[in-house]
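In case you want the letters, here they are:
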Amino acid sequence: MTRTLDRASRLRVAALALLLVAAHAPLLAACAAQVSLLEQGRALRTGKQPYDEFFEATRALREESLKAEELADAAPVELARALGLDPRSAGKAALEATRARAEELRAAGVQLQVELAPEARIVSARGRRPLDPGDRDAIAAFEASLKSSLAISKQLGELSDRAAALEKKRASLAAEWAEALADDPQRREVKHELEAAERVIAEAAAVADRYAGRASKLALDLVLAIDSGDAPARRGDTSRPPPRQPAAGAKAPPRHGSSAGAAPKPPKPPPSRGDDDFDP
């Protein structure tokens, strides 16, 4: 008797569950239909050029924005590897190692200076000892990371600009879709995709701005960690000594045309030792 009652209870529960699923099936189907093609990484094809070009450009923007984090992490990861660190500890650890390495070079009298124009590079001035291969490798790693950070910041900034331009295009198409597609069987799909495009573009722009800022911050942190703040002389520059003042009581040289003869030539400055020349 008890077994029969238990079986009947289970059947009633199962039947109730089936009724609930059947009652909510239209709602579940409607929720699934709300996911746009763009949000799935696809572009709606309408056969009408302005809409097809817009949807494809928005799809491409979304795809690129999904790679923004990986792109922004590339520079610190490569810097960490070059400094012998675990790439998973990239970021703060790599910056700390960069700062410490640059401080070692400064302690040895090697001055580093960052130049950003016409392109990013690091120039170094010889110190009390010449640069060894390890020093040069470290400086090359600093420079590569700086260039990479600036390039990524620019690339993601351009992605944000593209998002702004696409949003203007979306607003224009959304204002005219009802009239332009009055008799088109896909007019509802187009309306739905235009609404979804607003969300997709806004999210892509936010992601691009976030990781462009991260790349810019890394570039700034590298400059602060590396640059010595000094501006040593360039290769080929020669510092001229100040003119020598005549000693007290010494006779002034005779004037031009005087019978006392021409004034003696000033001594030449000593040749530069070249210790402060830059190594590009």
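Heads up: the structure comes first, above all this text.
Residues numbered from 1 in each chain as written. Predicted model: local features only at pLDDT ≥ 70, side-chain atom pairs only at ≥ 80, totals over all residues. Heavy atoms only, no water.

Caption draft 1: Expanded view of the nonpolar core. Grouped together as the largest cluster of nonpolar side chains are 29 residues, with contacts concentrated most on Tyr51, Phe54, Phe55, Leu61, Leu156, Val190 and Leu194. Looking at this core, the elements that each hand over two or more residues are helix 2 (49–66), helix 3 (68–82), helix 5 (133–180) and helix 6 (187–226). A total of 12 residues in this core trace back to one element, the largest contributor, which is helix 6. For Leu194, the contacting residues outside a window of four places in its chain are Tyr51, Phe54, Phe55, Arg170, Leu173, Ala174 and Trp177. Of all hydrophobic cores here, the second largest spans 22 residues; its members include Leu79, Ala94, Ala120 and Ile226. (Core = buried A, V, L, I, M, F, W, Y, C linked by side-chain atoms within 4.5 Å. Buried < 20%, exposed > 50% of the residue type's maximum accessible area, 1.4 Å probe, protein only. Helix = DSSP H or I, 4+ residues; strand = E, 2+ residues; numbered from the N terminus. Contact = heavy atoms within 4.5 Å.)

Caption draft 2: Here's a closer look at the packing of helix 2 against helix 6. Relative to each other, helix 2 and helix 6 sit at 35°, their axes nearing to 9 Å. Between helix 2 and helix 6 the crossing geometry is left-handed. For the pair helix 2 and helix 6, contact is made by Tyr51, Phe54, Phe55, Thr58, Leu61, Arg62 and Ser65 and by Val190, Glu193, Leu194, Ala197, Val200, Ile201, Ala204 and Val207, respectively. For the contact of helix 2 with helix 6, the class distribution of residues is 11 nonpolar, two polar and two charged. (Axes fitted to C-alpha atoms, helices over the stretch in contact; angles between N-to-C directions. Left-handed = near helix turned anticlockwise from the far one by under 90°. Nonpolar A, V, L, I, M, F, W, Y, C, P; charged D, E, K, R; others polar.)

Caption draft 3: Summary view of the pattern of salt bridges. A complete count under the given rule lists 17 salt bridges for this structure. In this structure, Arg62 and Glu63 form a salt bridge, with 3.2 Å as the shortest nitrogen-oxygen distance. The exposure class of Glu63 is partly exposed, given its relative accessible area of 28%. Shared partners join several salt bridges into a network, and the residues in it are Arg45, Glu56 and Arg59. (Salt bridge = Lys/Arg side-chain N within 4 Å of Asp/Glu carboxyl O.)

Caption draft 4: Summary view of the packing of helix 3 against helix 6. Interhelical geometry of helix 3 versus helix 6 gives an angle of 15° and a closest axis separation of 8 Å. Here helix 3 lies roughly parallel to helix 6, going by the angle between them. The two elements helix 3 and helix 6 cross, and the hand of that crossing is left-handed. Residue-level contacts link Ala68, Glu69, Ala72, Asp73, Ala75, Pro76 and Leu79 of helix 3 to Val207, Tyr211, Arg214, Leu218 and Leu222 of helix 6. Residue composition of the contact of helix 3 with helix 6, by class: nine nonpolar, no polar and three charged. (Parallel < 35°, antiparallel > 145°, perpendicular 65-115°, else oblique.)

Caption draft 5: Quick peek at unusual backbone geometry. Residue Pro118 is reached from Ala117 by a cis peptide bond, and omega for that bond is 0°. With respect to the helices and strands, Pro118 occurs in the loop between strand 1 (111–115) and strand 2 (121–125).

Everything listed is a geometric property; what it means functionally is a separate question.
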